[in-house]
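# Remarks on the overall topology
If you want the building blocks of each chain, they are given just below.
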Amino acid sequence: MATLEKIRSKAGLLVLVVGLALFAFIIGDFLNSGSTYFRQTQERVAKVDGEVIKIQDYQGRIDEMTEMYKMQSGQTNLPEEYMNQIRQSVFDAMVQEIVLDEATDKLGMAVSPEELFDMVQGENISPMIQQMQMFVNPQTGQFDKTALLNFLKTIDDDNIASYPADQQAQLLQARNFWLFWEKNIKRQRLEQKYTTLLSKAVAANVLDAKEAFNDAAENSDIVYAMQSYASIPDSTIEVSKSEIEKLYNQRKELYKQKEGKVIKYIAVDIRPSQEDYDKASADIESLKEEFTTSEKVADIVNENSEVPYMDAFFTENAFDPEMKQFATTSEVGAVYGPVFDNDKYRMFKLVDKKMGPDSVKVSHIMLANGDEARTTALADSLMNVLKNGGDFAALAKEFSADQAAENGGELGWFTEITALRGVNEDFKNAVFSTPVNEIAKVKSLYGTHLVKVTEKTANVNKYKVADIDMTVSPSSKTYSNIYNELNQFISQNNDLAKLDEAAKEAGYNLIAGVNVTADNQTLGSIKNSRPVIRWAFQNDKGKISEIFECDDKFVIAGVEGTVKEGYRSVASLTPALKAEIAAQKKGEKIAADLKAKNLTSVEAYADAMGSKVDSVKFINFGTRRISGIGVEPKLNAMVSLAEVGQVSAPVAGNNGVYVFKVYDRNKDAKEYNEAEEIKTLDASNAYRFGFQAIQSLVNKADVEDNRIRFF
């Protein structure tokens, strides 16, 4: 009881303690959930109609496409502008996938596993696969389904782990390559089904077909005179504020704008100094004597030139004009240069020349690397069989370890340089020295090759040229001087309002009033300038940036203001709208003045206009751009309707007022084919739907784009 009494006496304190504990538990849970929400928000690259695209997923797709590009291009490192294009392409694809899935889910539309199988290895192989060079038969130039099936069989091997490490990596890379394209084929098929459904809702009829045929079948030849709107001073034309606002309101939906920043910036070229040019000149001049006399030409080139030495003979067609002139007119051992052009010093030496075939056609049997003794024994055995009349193509199909086996080992045509770069120097030497239909044995990184030369082109003059190329680059001293001068300028001029005048005094070219949006990848034409745009979106009006190095330029920027998402203001569009209304009024005035003169010939109109008579042929209703005139749809229409030999009334166009006379009209001899015209129109509609339908879904979607936070 005493204990209970003690507890009761402390009841208020206990309530407070328990309350604080509960509060701590609740607030802790809230903070943890808030932290999770904040982290999720930070990871969000975009949100499309409520569906989130996370940075991990987006980056994964970028990495995937980057690897595909590297595989197909053979490049190991991609320039930043390529990466920007890949990021944009991936983003567009992910947004399109979301909106397309929304639309097709509502329709119950999908691509079934059976459909996909048919497109990748069935009877209706996707055109995307058929166009891949790896599945094209080099003999026929046509798609080879057997090559495709063999490839799929190879990458579907469950025992990849049993292969050597380098082959495992190649197989996994090939498997990823295939899965990438399989996903794209499935996506393309779904898009095709959706757009085909929509295009079937708009079918051309007989009236459409007849009109389209007539528009294109009848061509008119005219003489004309034109009075430009520039002939009337703008100061004589009054355009009211209400007229501008009326035109603005009529077109307001065309003036939507994204959130943006208005910036001013200075871009300074990182260029070599005179000292750099002098040093480069001295460096290459110092090599001339050794280059002329030494037999170790390859070492001199590889140590000093940005272009490695190629120990191969070339025909004159492979050279640029300067090198061609030198090679074809010089004796072996001659040296040309140094010469300077386009920031580069060059010096050539004619190492050798000879007569020989430009190209050779080669087949091979490739024995993959493995047990060396076993491989050597097999190679020797096959060589004996071949020397005794064995069928090379049949042996290649049985023993060769590469895809060429299916074509009897045929590799196609090689020049010396493609043989050198594609395999190695031993391979190049073997195929160009071995007589036609003879066999040679060559080793490479890929394995042991038994090569057979099946054809050679006719002998031509060939040249081996050593080329030292030295591009003059800014030295570290020059780089530092340019940077330090600009840095000093910033430190002394940190007031954005006074930056224009300060830049002018310092000799810098400042560009102001530049609008950038979050999806702009570059600032004007400045390469790798995306960081400048990201900085602008992270800072407020009046801020001046640090120095950014953008490829071959140093850039500083200042934020002039923010453009809110919505519609462009009337004030920002007033100059353009005013000019358009003024042109319309000029047209009305010129046309009225000309009509009042009651002239009867194009020549008389030309005199009244202060212009000359000109002519143009082959105008029809569908002509997009009239030769020598430009885009004038009103003129197209009036010419198509005019009587032959009749002088027209004045026609107010985009650029001026025209008067014309049709002096000849020709009808296409092609006969009207209703079915063919309808088919052509339907195909055109399908193409337009394919282009517009998905973009229309994207335009209507609620897209929140946060990429500026990450890239």
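Residues numbered from 1 in each chain as written. Predicted model: local features only at pLDDT ≥ 70, side-chain atom pairs only at ≥ 80, totals over all residues. Heavy atoms only, no water.

## Focus on unusual backbone geometry
Of the consecutive residues Gly337 and Pro338, the connecting peptide bond is found in the cis state with omega at 5°. Here Pro338 lies in strand S6 (residues 335–341). Look at Asn528: it is not a glycine, yet its phi comes out positive at around 55°. Structurally, the position occupied by Asn528 is in the loop between strand S13 (510–517) and helix H21 (530–537). Of note, the phi angle at Asn598 is positive, near 55°, even though the residue is not glycine. Along the polypeptide, Asn598 turns up in the loop between helix H22 (570–596) and helix H23 (602–609). (Helix = DSSP H or I, 4+ residues; strand = E, 2+ residues; numbered from the N terminus.)

## So, empty space enclosed by the protein
Empty space among the atoms becomes visible once a probe the size of a water molecule is rolled across them. Evaluation of the coordinates by the stated rule reveals two cavities of 30 Å³ or more. As a volume, the largest cavity reaches approximately 50 Å³. As for the largest cavity, its lining consists of Tyr58, Asn84, Arg87, Gln521, Arg530, Arg707 and Phe711. Split into classes, the residues belonging to the lining of the largest cavity amount to two nonpolar, two polar and three charged. Of the pockets and cavities examined, the second largest cavity occupies roughly 30 Å³. Lining the second largest cavity, in full, are Ala518, Asp519, Gln521, Arg530, Asp705, Arg707 and Ile708. (1 Å grid on protein atoms, 1.4 Å probe; cavity = no way out; pocket = protein on both sides within 12 Å on 5 of 7 lines; lining within 4 Å. Points joined across faces, edges and corners; volume = space filled by probe spheres on them. Nonpolar A, V, L, I, M, F, W, Y, C, P; charged D, E, K, R; others polar.)

## Here's the deal with a negative patch on the surface
A contiguous patch of negative charge on the surface is contributed by Glu289, Glu290, Asp299 and Glu303. Going through the elements one at a time, helix H12 (288–293) and helix H13 (297–304) are the ones with two or more residues in the negative patch. Here Glu303 is to be found in helix H13. (Patch = residues over 30% accessible without salt bridge, like charges linked within 9 Å, V, L, I, M, F, W, Y side chains within 5 Å. Areas by Shrake-Rupley, 256 points an atom, 1.4 Å probe, with all protein chains shown as cover. Salt bridge = Lys/Arg side-chain N within 4 Å of Asp/Glu carboxyl O. Lys, Arg positive; Asp, Glu negative; His and termini not counted. Charge placed at Lys NZ, Arg CZ, Asp CG, Glu CD.)

## Here we look at the sheet that holds strand S8 (residues 360–368)
Read from one edge of the open sheet, four strands run S9-S8-S11-S10, paired in antiparallel fashion. Where the open sheet ends on each side, the last strands, each with one partner, are strand S9 (410–414) and strand S10 (439–443). Between one strand axis and the next, the sheet turns through 35° on average, direction left out of account. Note that S8 and S9 share four bridges and pair antiparallel. Across the sheet, Val360 pairs through a bridge with Phe414, a residue of S9. Along the sheet, helix H15 (residues 372–387) contacts S8, S10 and strand S11 (447–456); its crossing angle with S8, the most-contacted strand, is approximately 140°. (Pairing = 2+ DSSP bridges. Axes fitted to C-alpha atoms, helices over the stretch in contact; angles between N-to-C directions. Contact = heavy atoms within 4.5 Å.)

## Some words on the domain arrangement of the protein chain
Per the domain assignment, the segments of the protein chain are domain 1 (217–255 + 572–667), domain 2 (259–271 + 475–564), domain 3 (274–355) and domain 4 (359–457). Just the C-alpha atoms count here: the centres of domain 1 and domain 2 sit 44 Å apart. (Domains from an automatic or database assignment.)

## Describing the sheet that holds strand S19 (residues 656–667)
Pairing is antiparallel across the open sheet formed by four strands, whose spatial order is S17-S3-S19-S18. The open sheet terminates on both sides in strands that have one partner only, identified here as strand S17 (614–619) and strand S18 (651–652). Pairing of strand S3 (residues 218–228) with S19 involves 11 bridges; the strand directions are antiparallel. In the strand pairing of S19, Asp221 is matched with Asp664. Where helix H9 (residues 206–217) meets the sheet, it contacts S3 and S19, and its direction lies at approximately 65° from that of S3. In this fold helix H24 (residues 633–641) packs onto S3, S17, S18 and S19, with an angle of close to 45° to the strand it touches most, S19.

## A look at the pattern of salt bridges
Opposite charge on two side chains lets them pair, provided their charged atoms get close. On inspection of all chains with the given rule, the structure shows 34 salt bridges. As a salt-bridge pair, Asp101 and Arg187 come within 3.0 Å of each other at their nearest N and O atoms. Pair noted here: Asp101 is in helix H4 (residues 80–107) and Arg187 is in helix H8 (residues 165–199), with a separation of 86 residues, a long-range link. Where Asp500 meets Lys264, a salt bridge forms, and the shortest distance between an N and an O atom there is 2.4 Å. One end of the pair, Asp500, is in helix H20 (residues 499–506); the other, Lys264, is in strand S5 (residues 260–269), with 236 residues separating them in the sequence.

## Regarding the nonpolar core
Of all hydrophobic cores here, the largest spans 48 residues; its most connected members are Tyr58, Ile129, Phe135, Trp178 and Tyr194. Listing elements by their share of this core, those giving two or more residues are strand S1 (44–48), helix H3 (55–73), H4, helix H5 (113–121), helix H6 (127–130), helix H7 (145–155), H8 and helix H25 (674–700). It is H4 that contributes the most residues to this core, 10 residues altogether. (Core = buried A, V, L, I, M, F, W, Y, C linked by side-chain atoms within 4.5 Å. Buried < 20%, exposed > 50% of the residue type's maximum accessible area, 1.4 Å probe, protein only.)

## A look at H21
For H21, the buried fraction is high: six of the eight residues fall into the buried class. Every buried residue of H21 is listed here: Arg530, Val532, Ile533, Trp535, Ala536 and Phe537. Along its buried surface, H21 packs onto S5, S13, strand S14 (548–550) and strand S15 (553–563).

## Digging into the packing of aromatic side chains
Under the defined criterion, the tally for this structure stands at 21 aromatic pairs. Each ring, one from Tyr58 and one from Phe91, has its centre 6.3 Å from the other, and the planes form 85°; the classification is edge-to-face. Placement of Tyr58 in helix H3 and of Phe91 in helix H4 is noted, with a sequence separation of 33 residues between them. Classification of Tyr58 by relative accessible area gives buried; the value is 1%. Centre to centre, the rings of Phe340 and Tyr345 are 4.7 Å apart; their planes meet at 50°, and the pair counts as tilted. On the basis of relative accessible area, Phe340 is assigned to the partly exposed category, the value being 41%. Judged by its relative accessible area of 12%, Tyr345 falls in the buried class. Here the aromatic residues Tyr58, Phe91 and Phe711 are joined through ring pairs into a cluster of three or more. (Phe/Tyr/Trp six-rings, centres within 6.5 Å; stacked < 30°, edge-to-face > 60°.)

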